[in-house]
Amino acid sequence: DTGVSQDPRHKITKRGQNVTFRCDPISEHNRLYWYRQTLGQGPEFLTYFQNEAQLEKSRLLSDRFSAERPKGSFSTLEIQRTEQGDSAMYLCASSWPEGSTSYEQYFGPGTRLTVT
Amino acid sequence: QKEVEQNSGPLSVPEGAIASLNCTYSDRGSQSFFWYRQYSGKSPELIMFIYSNGDKEDGRFTAQLNKASQYVSLLIRDSQPSDSATYLCAVRSTGFQKLVFGTGTRLLVSP
């Protein structure tokens, strides 16, 4: 399977705990994105990496959220001190490198987070 | 005003009919437009993208873009029950990589 992969697919945690999600993009893609989606809403942008550089970051990404992509391949998204309002589907997407005329983003299966 | 607006639906069409899904956007600097299909509990799947004014066809799908009216639409011909899903419109503005999504239109195709 050469698509975007995410791990875990489901995570249940207690309020106040830290969680970390992983995303592996399509191998030819050097751009990687994180989005969050709650029920009845479209995905909301969280952050964007080009290789290892974090180039865009949403105001939604509070101090409790941090994302990394240390080697420009996979990325992790960590949420510290989780709150019930963090319950959502966390989506990762990737797209072609800069210089490409293609801007399409392809999504992984998502990680569904439930905070109890 | 929301950046990307869609009618939440549901839009109900009989099998074999044409489904027409609409989307308006507020940022005149928007350059790239995308339609994603999302089944319940699944992640969005890219089905169409359009970058220039006019129509773009791919199989049963046609995307239409009118930048002057800030309007993009998706037509699904010969609708099938398997097309029943939520359709998300997404827009990318010049200078940014992020996509801004609408809330989606739920399509129901009845046999």
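For the structure, check the block above.
Residues numbered from 1 in each chain as written. Chains lettered and ligands numbered in written order. Predicted model: local features only at pLDDT ≥ 70, side-chain atom pairs only at ≥ 80, totals over all residues. Heavy atoms only, no water.

A look at the pairing of strand S7 (residues 61-66) of chain B
Along any regular strand the residues' side chains alternate between the sheet's two faces. Residue and element names in this part refer to chain B. As judged from the 5 bridges shared by strand S6 (residues 54-58) and S7, these two strands associate in the antiparallel manner. Considered in S7, the bridge of Lys56 is made with Ala63. Between the end of S6 and the start of S7, which pair antiparallel, lie 2 residues, with Gly59 showing a positive phi angle near 65°. Relative to strand S8 (residues 71-76), S7 runs antiparallel, the two sharing 6 bridges. (Pairing = 2+ DSSP bridges. Helix = DSSP H or I, 4+ residues; strand = E, 2+ residues; numbered from the N terminus.)

Considering unusual backbone geometry
The residue after Asp7 of chain A, namely Pro8 of chain A, is reached through a cis peptide bond having omega -5°. Relative to the helices and strands, Pro8 of chain A resides in the loop between strand S1 (5-7) and strand S2 (10-13). Pro10 of chain B follows Gly9 of chain B through a cis peptide bond whose omega is 10°. Structurally, Pro10 of chain B can be placed in the loop between strand S1 (4-5) and strand S2 (11-14). Its identity as a non-glycine residue notwithstanding, Arg81 of chain A has a phi of 50°, on the positive side. Residue position: Arg81 of chain A is located in the loop between strand S8 (75-79) and strand S9 (88-95). Its relative accessible area of 46% is what places Arg81 of chain A among the partly exposed residues. (Buried < 20%, exposed > 50% of the residue type's maximum accessible area, 1.4 Å probe, protein only.)

Here's the deal with the environment of Phe21 of chain A
Residue and element names in this part refer to chain A. Mapped onto the secondary structure, Phe21 falls in strand S3 (residues 19-24). Residue Phe21 is classed as buried on the basis of its relative accessible area, which comes to 1%. A C-alpha to C-alpha distance of 9.4 Å links Phe21 and Ala67, two positions 46 residues apart in sequence. Residues in contact with Phe21, not counting those within four places in the same chain, are Asp7, Pro8, Lys11, Trp34, Ser75, Thr76, Leu77, Ile79, Tyr90, Thr111 and Leu113. (Contact = heavy atoms within 4.5 Å.)

Thoughts on the pattern of salt bridges
As enumerated under the stated definition, the model contains 6 salt bridges over all chains in all. Notably, a salt bridge pairs Glu57 of chain B with Arg77 of chain B, separated by 3.4 Å at the nearest N-O pair. Pair noted here: Glu57 of chain B is in strand S6 and Arg77 of chain B is in the loop between S8 and strand S9 (85-93), with a separation of 20 residues, a long-range link. Taking relative accessible area as the criterion, Glu57 of chain B reaches 59% and is therefore assigned exposed. Overall, Arg77 of chain B belongs to the partly exposed group, its relative accessible area being 25%. When salt bridges that share partners are traced, they join Arg64, Glu83 and Asp86 of chain A into one network. (Salt bridge = Lys/Arg side-chain N within 4 Å of Asp/Glu carboxyl O.)

Comments concerning the state of the cysteines
All names here are of chain B. What the rule picks out here adds up to 2 disulfides over all chains. Residue pairing for Cys23: its cysteine sulfur links by disulfide to Cys89, the two sulfurs lying 2.1 Å apart. Every disulfide takes its handedness from the sign of the S-S torsion; for Cys23 and Cys89 that torsion is -70°, giving left-handed. Taken together, the residues span a long stretch of sequence, with Cys23 in strand S3 (residues 19-25) and Cys89 in strand S9 at a distance of 66 residues. On the basis of relative accessibility, which here comes to 1%, the residue Cys23 falls in the buried class. (Disulfide = S-S within 2.5 Å.)

Some words on the interface of chain B and chain A
The partner chain A presents 23 residues to the 20 residues of chain B that form the contact. A combined buried area of about 1,600 Å² lies between chain B and chain A, and 57% of that area is made up of carbon and sulfur atoms. Linking chain B to chain A there are 0 salt bridges. On inspection of chain B and its partner chain A, the count reaches 10 residue pairs in polar contact (both at pLDDT 80 or more). Those elements that place two or more of their residues in the side of chain B that touches chain A are strand S4 (30-38), strand S5 (45-50) and S9 of chain B. Ranked by the residues each element gives to the side of chain B that touches chain A, the list is headed by S4 of chain B, at 4 residues. Looking at the side of chain B that touches chain A residue by residue, the class counts come to 10 nonpolar, 8 polar and 2 charged. (Buried area = accessible area lost by both parts, 1.4 Å probe. Polar contact = N/O pair within 3.5 Å; in protein donor to acceptor, adjacent residues only side chain to side chain. Nonpolar A, V, L, I, M, F, W, Y, C, P; charged D, E, K, R; others polar.)

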